[in-house]
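Listed below are the residues making up each chain.
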Amino acid sequence: MPFPNFSISADTLNGSVDGEVLHEEIVAAGPYGGTFEGVSYIGDDLTINFDSPTPADGATVTGVVSAHAGVDALAAAKEAKFDEIDRRTDELINLGFTFGGDTFSLKQDTLPTLNGLWNARAAITYPVKYNTSDNSSFVLLNNSTDVESFYFSAVGTFRSREDSGTILKDAVRAATTVAQVDAIVDPR
Amino acid sequence: MSYAPFGYEYFSVTESVPLVTTSAAFISYKTLSPTVSGGDYKFSWHYVWSHNAANNDFVGQIILDGGSDVMNISNDGDGHRQEPKDAGGGGTGGTNQRYHCSGITFLTLPPGVRTFDLQFRSDPAGVNSTIYAAEMDLVRVSA
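Bear in mind that the values here come from a model prediction, so they are computed numbers and not experimental data.

Digging into the overall build of chain B
Right, on to step 1. Along the backbone of chain B there are zero helices and 11 strands.
Right, on to step 2. The order of α-helices and β-strands along chain B, N terminus first, is β-β-β-β-β-β-β-β-β-β-β.
Right, on to step 3. Looking at chain B as a whole, 36% of its 143 residues are labelled buried.
Right, on to step 4. Intrachain contacts of chain B at a sequence separation of at least 6 include 78% that bridge at least 24 residues.

This is how it looks when you write it as structure tokens:
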């Protein structure tokens, strides 16, 4: 019974690396001095099964596996950077928007209210009192034109926050190395 | 006169982390290594497996002390060799199919540390064979 006597660790691999694909890539990278018997993995822990491998076999297989690890490391770095940008964008959006010198909420739970006001602006009874974020004051909206100004102010602030994040995400998307991703700093 | 100490010795091991292999050489999934006092025992096993092909085989075996396959009760062919009829569909082993294998055999064991090693492989190499979970139990049934 031949048992694997060669293994390499590839902890940065993720589950997206299919064993059958990796197997074929390792076969294609041969010929080998030893006998390649297959790949095995539990989660991210990968074992390459070889019988009587040579040092050259190890180098060849390490190269094949490392290519996957590199791709996955870049993808992971980009995902982390996207999350970081999203968190900052959410923080900025949650600061709210200003209208008439007061600050109003842009938090997720208030967006339906804003959209509802916009959708019903031609049918509702005026004036409308709309509370500030801290409820210390309110703005009086006397007609649909006031609602439109109020709404456009909200949307304008929301979009500018999102767009500033999109510029950073474009840079992340264009990055081809982990170092390039790491070098992107959110200045906001 | 000796009595039958059913269950006097009980050993069990379980595993629930999937192991995928494309290897045509057997790899170990889980080992049960009890220290027994010797006598007659009932050994039972269960595992969930898949093989991502419909035209070749998953092969499983449970090797006792590095020697015989205790699953091979008939002593004919392999302990467990099976060709699925469906492949693909995604999932850990590349297929969404899940099959179960279980069985019981009675063994007369000498005293000491015994090793039951659940192993499996793909035939041929290059196809995802997977074991998802397994349990092995050993119970003493008589002196």
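Focus on the overall build of chain A
Right, on to step 1. Each helix and strand in chain A was counted, giving five helices and six strands.
Right, on to step 2. Shown N-terminal to C-terminal, the secondary structure of chain A runs as helices and strands in the order α-β-β-α-β-β-α-β-β-α-α.
Right, on to step 3. The proportion of buried residues among the 188 residues of chain A is 22%.
Right, on to step 4. For chain A, long-range pairs separated by at least 24 residues make up 58% of all intrachain contacts whose partners lie at least 6 apart in sequence.

What to know about the interface of chain B and chain A
Right, on to step 1. Listed by partner, the interface residues are 18 residues for chain B and 16 residues for chain A.
Right, on to step 2. A total of three residues in the side of chain B that touches chain A trace back to one element, the largest contributor, which is strand 2 (residues 19-21) of chain B.
Right, on to step 3. Split by residue class, the side of chain B that touches chain A holds 10 nonpolar, eight polar and no charged.
Right, on to step 4. Judged from the two bridges that link them, strand 1 (residues 35-42) of chain A and strand 2 of chain B form a sheet pairing that is antiparallel. Along strand 2 of chain B, the bridge assignment pairs Tyr41(A) with Val20(B).

Some remarks on the packing of helix 3 (residues 111-119) of chain A against helix 4 (residues 144-174) of chain A
All names here are of chain A.
Right, on to step 1. Where helix 3 contacts helix 4, the axes come no closer than 10 Å and their chain directions differ by 145°. Crossing handedness for the pair helix 3 and helix 4: left-handed. Contacts from Leu114, Leu117 and Trp118 of helix 3 reach helix 4 at Val147, Tyr151 and Ala154.

Brief notes about the sheet that holds strand 10 (residues 116-123) of chain B
Strands pair in a sheet through their backbones, by hydrogen bonds, and they do so in one of two ways: parallel or antiparallel.
Residues and elements named next belong to chain B.
Right, on to step 1. On the basis of which strands lie adjacent, the open sheet formed by four strands has the order 3-10-6-7 and antiparallel pairing. Of all the strands in the sheet, just strand 3 (27-32) and strand 7 (80-82) have a single pairing partner and so form its edges. Each strand of the sheet is rotated relative to its neighbour by a mean of 15°, with strand direction disregarded.
Right, on to step 2. In this structure, strand 3 lies alongside strand 10, joined through five bridges in antiparallel fashion. If you follow Ser28 over to strand 10, its bridge partner there is Gln119.

A closer look at unusual backbone geometry
Right, on to step 1. The step from Gly30(A) to Pro31(A) runs through a cis peptide bond, and the omega angle for that step is 10°.
Right, on to step 2. By the element assignment, Pro31(A) lies in the loop between helix 1 (19-28) and strand 1.
Right, on to step 3. The step from Asp123(B) to Pro124(B) runs through a cis peptide bond, and the omega angle for that step is 10°.
Right, on to step 4. The topology assignment puts Pro124(B) in the loop between strand 10 and strand 11 (129-142).
Right, on to step 5. Unusually for a residue other than glycine, Asn135(A) sits at a positive phi of about 60°.
Right, on to step 6. If you trace the backbone, Asn135(A) turns up in the loop between strand 5 (128-131) and strand 6 (138-141).
Right, on to step 7. One non-glycine residue, Asn75(B), adopts positive backbone phi at about 55°.
Right, on to step 8. By the element assignment, Asn75(B) lies in the loop between strand 6 (57-64) and strand 7.

Here we look at the nonpolar core
Right, on to step 1. In this structure, Leu118(B), Phe120(B) and Ile131(B) are the most contacted members of the largest nonpolar core, which totals 36 residues.
Right, on to step 2. Discounting residues that sit within four places of it in the chain, Ile131(B) has contacts with Pro18(B), Leu19(B), Tyr29(B), Tyr47(B), Val48(B), Trp49(B) and Phe120(B).
Right, on to step 3. In terms of nonpolar packing, the next biggest core, distinct from the first, is built from 10 residues, Phe97(A), Phe104(A), Leu106(A) and Leu114(A) among them.

Scoring rules and cut-offs
Residues numbered from 1 in each chain as written. Chains lettered and ligands numbered in written order. Predicted model: local features only at pLDDT ≥ 70, side-chain atom pairs only at ≥ 80, totals over all residues. Helix = DSSP H or I, 4+ residues; strand = E, 2+ residues; numbered from the N terminus. Buried ≥ 20, exposed ≤ 12 C-beta atoms within 10 Å, placed from the backbone. Contact = placed C-beta atoms within 7 Å. Nonpolar A, V, L, I, M, F, W, Y, C, P; charged D, E, K, R; others polar. Pairing = 2+ DSSP bridges. Axes fitted to C-alpha atoms, helices over the stretch in contact; angles between N-to-C directions. Left-handed = near helix turned anticlockwise from the far one by under 90°. Core = buried A, V, L, I, M, F, W, Y, C linked by C-beta atoms within 7 Å.

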